[in-house]
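The primary structure of each chain is shown beneath.
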Amino acid sequence: MDISGRHEESGEYLMVAAAVHASVGTTRLRNVEGMGFATSRNPPTFEDAATVVADAVAELPEPPDGPVVAERGEFYEEPDVKVEQYLGPSFKYVESIAERKTVQTAHHAAYAARKLFL
């Protein structure tokens, strides 16, 4: 998952979270099973970021088989245990090349969706 737009623009915020459900190998994405999106106009705090991500994950066509994965900066480098309490499904920070590529896919999706909303 990834969040785009945690900065103020023209006096307001528009965070867009994209969750990507993908099957992966050790170093690559094999297949994107689906995507979920959610938005928030609240100023970016840990709680608001976690809420918008949880909403995006809930919008996936099917619940994820594995953990939700993100870069550390998405949740202000809070411990993964704290993040998991907000999300519901298991959570971890990026560890493998395939996970990083999945997060990059979510980044492109969140950025593109945010551009459409602006």
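Residues numbered from 1 in each chain as written. Predicted model: local features only at pLDDT ≥ 70, side-chain atom pairs only at ≥ 80, totals over all residues. Heavy atoms only, no water.

## Examining the environment of Glu74
The cut-off we apply is this: The secondary structure listing takes helices from DSSP runs of H or I that are at least 4 residues long and strands from runs of E that are at least 2 residues long, numbered from the N terminus. For this analysis, residues touch if any pair of their heavy atoms sits within 4.5 Å. Two N or O atoms count as a polar contact when they lie within 3.5 Å, although within protein this holds only if one can serve as hydrogen donor and the other as acceptor, and sequence-adjacent residues are included solely when both atoms are side-chain atoms.
Residue placement: Glu74 occurs in the loop between strand S4 (68-70) and helix H2 (80-87). In sequence terms Glu74 and Ala49 are 25 residues apart; their C-alpha atoms lie 7.5 Å from each other. Glu74 has contacts with Asp2, Ile3, Arg6 and Ala49, leaving out every residue within four places of it along the chain. One polar contact links the side chain of Glu74 to the main-chain amide nitrogen of Ile3, over a distance of 3.5 Å.

## Things to note about the packing of aromatic side chains
Let me state the cut-off plainly: The aromatic pairing rule takes the rings of Phe, Tyr and Trp, using the six-membered ring of Trp, and pairs them if the centres are within 6.5 Å, calling planes under 30 degrees apart stacked, those over 60 edge-to-face and the rest tilted. Throughout, exposure labels follow a simple rule: accessible area from a 1.4 Å probe, protein chains only, divided by the maximum for the residue type, with under 20% read as buried, over 50% as exposed, and the rest as partly exposed. Each ring is checked for a lysine NZ or an arginine CZ that lies within 6 Å of its centre and within 35 degrees of its normal; such an atom marks a charge sitting over the ring.
In total, this model carries 4 aromatic pairs according to the counting rule given. An angle of 85° between the planes, with centres 5.0 Å apart, marks the rings of Phe46 and Tyr86 as edge-to-face. Residue Phe46 is found in helix H1 (residues 46-58), and its partner Tyr86 is found in helix H2; the two are separated by 40 residues along the sequence. What makes Phe46 buried here is its relative accessible area of 6%. Centre to centre, the rings of Phe91 and Tyr93 are 5.0 Å apart; their planes meet at 85°, and the pair counts as edge-to-face. When sorted by exposure, Phe91 lands in the same class as Tyr93, which is buried. The cationic tip of Arg6 hangs over the ring face of Tyr76; the distance from NZ or CZ to the ring centre is 5.0 Å. Above the face of the Phe46 ring, Lys82 is positioned so that its terminal group lies 4.6 Å from the ring centre.

Limitation: the analysis is restricted to geometry and does not speak to function.
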